[in-house]
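Read off the chains here:
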Amino acid sequence: MENLAIFASGTGSNAKKIIEYFEGHPNIRPRLIVSNNASAPVLALAESHGLGQLVLKRASFYGSEALLEELKAHKITFVVLAGFLWLVPPYLVGAYKSRMVNIHPALLPKFGGQGMYGMNVHRAVKAAGEQETGMTVHLVNEAYDEGAVLFQASCPIAETDTPEDIARKVLALEHQYFAPAIESYLQNKSS
Ligand SMILES: Nc1nc2c(c(=O)[nH]1)N[C@@H](CN(C=O)c1ccc(C(=O)N[C@@H](CCC(=O)O)C(=O)O)cc1)CN2
Ligand SMILES: NCC(=O)N[C@@H]1O[C@H](COP(=O)([O-])[O-])[C@@H](O)[C@H]1O
């Protein structure tokens, strides 16, 4: 059984899609929602779907490895970053080497790195005059957005599209493909 921890900082629409997708799955089960924001709407998902929940404090997240014990207590085997806005520190990256993925709302390697999150990404894509954008699922290493790419999906950008229009298009791709990409990666890993 693969037990998932989903790390998110905000709304959690991707976390919701992932939880729904794996409902009743024989081998993959979301177990824990982790957030760095005590008022993040994503935490309500834990309540409504019977998952554990954990709120991170910056000092302990970066100054200790106590989180590893919490994840072990929940038997977490795989970590999903779904709109998580802090840099994951080396101890956690190392503990989940090749067992931690992130979703990025652009076609990496373009438009990644520090500062590239949320609407910042879509504004940059629009400002650059890109004719397409998309989403990337990638393994997580110690740097922002530089891990091995596992999956990408793209969509066209119309001249008239605003950054908000672009965000809507990309989020729709994320909702469609993130959970299947996780499933495919884990099934290939176990075969
Ligand atoms: N070690 C890693 N940690 C994280 C990765 C990663 O690939 N390796 N991905 C990010 C997610 N992400 C893009 O997909 C991302 C998130 C946030 C930032 C960013 O610039 N954050 C700000 C702080 C924002 C805040 O605290 O509100 C910053 O660091 O200044 C860039 C990319 C998750 N972690
Ligand atoms: N660079 C990280 C980043 O920008 N992640 C993005 O945050 C959003 C979270 O939405 P959600 O909370 O509704 O799932 C998603 O679009 C995700 O790609």
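Residues numbered from 1 in each chain as written. Chains lettered and ligands numbered in written order. Predicted model: local features only at pLDDT ≥ 70, side-chain atom pairs only at ≥ 80, totals over all residues. Heavy atoms only, no water.

Caption draft 1: Region of interest: the site of ligand 2. Inspection of the region around ligand 2 gives 13 residues, with Gly12, Ser13, Asn14, Gly118 and Glu174 positioned closest. Ser13 is positioned with one of its side-chain polar atoms (N or O) 2.5 Å from an oxygen atom of ligand 2. One of the side-chain nitrogen or oxygen atoms of Glu174 is found 2.5 Å away from an oxygen atom of ligand 2. In isolation ligand 2 offers 450 Å² of accessible surface; the protein chains occlude 87% of this area. According to the grid-proximity analysis, the pocket containing ligand 2 is the largest pocket. Put simply, the parts of the chain that give the shell around ligand 2 at least two residues each are helix H1 (13-21), strand E5 (100-104) and helix H7 (163-190). By residue class, the composition of the shell around ligand 2 is 5 nonpolar, 7 polar and 1 charged. (Near = heavy atom within 4 Å. Polar contact = N/O pair within 3.5 Å; in protein donor to acceptor, adjacent residues only side chain to side chain. Areas by Shrake-Rupley, 256 points an atom, 1.4 Å probe, with all protein chains shown as cover. 1 Å grid on protein atoms, 1.4 Å probe; cavity = no way out; pocket = protein on both sides within 12 Å on 5 of 7 lines; lining within 4 Å. Sits in = over half its atoms within 2 Å of the grid points. Helix = DSSP H or I, 4+ residues; strand = E, 2+ residues; numbered from the N terminus. Nonpolar A, V, L, I, M, F, W, Y, C, P; charged D, E, K, R; others polar.)

Caption draft 2: Here's a closer look at the UniProt feature "site: Raises pKa of active site His" (unreviewed entry) in the chain. In this numbering, the UniProt entry assigns the feature "site: Raises pKa of active site His" (unreviewed entry) to Asp145. In this fold, Asp145 is placed in the loop between strand E6 (132-139) and strand E7 (149-156). Residues within four places of Asp145 in sequence aside, it is in contact with Asn102, His104, Leu108, Gly112, Gly113, Met116 and His138. Within the structure, the side chain of Asp145 is placed 2.8 Å from the backbone nitrogen of Gly113, a separation counted as a polar contact. (UniProt positions renumbered as here; feature names shortened; annotations may be inferred. Contact = heavy atoms within 4.5 Å.)

Caption draft 3: Spotlight on the side chain of Thr136. Assignment of secondary structure puts Thr136 in strand E6. A residue is classified by how much of its surface remains accessible, and Thr136, at 0% relative accessible area, is buried. Thr136 has contacts with Asn102, Ile103, His104, Ala106, Leu107, Leu108, Val149, Phe151 and Gln152, leaving out every residue within four places of it along the chain. (Buried < 20%, exposed > 50% of the residue type's maximum accessible area, 1.4 Å probe, protein only.)

Caption draft 4: Geometry of the packing of H1 against H7. Put simply, H1 and H7 touch, their axes get as near as 9 Å, and they point 45° apart. Relative to H7, the element H1 is oriented oblique. Seen from above, H1 lies across H7 with right-handed handedness. Contacts between H1 and H7 involve Ser13, Asn14, Lys17, Ile18 and Tyr21 from the first element and Leu171, Glu174, His175, Phe178, Ala179, Pro180, Ile182 and Glu183 from the second. When its residues are assigned to classes, the contact of H1 with H7 shows 7 nonpolar, 3 polar and 3 charged. (Axes fitted to C-alpha atoms, helices over the stretch in contact; angles between N-to-C directions. Parallel < 35°, antiparallel > 145°, perpendicular 65-115°, else oblique. Left-handed = near helix turned anticlockwise from the far one by under 90°.)

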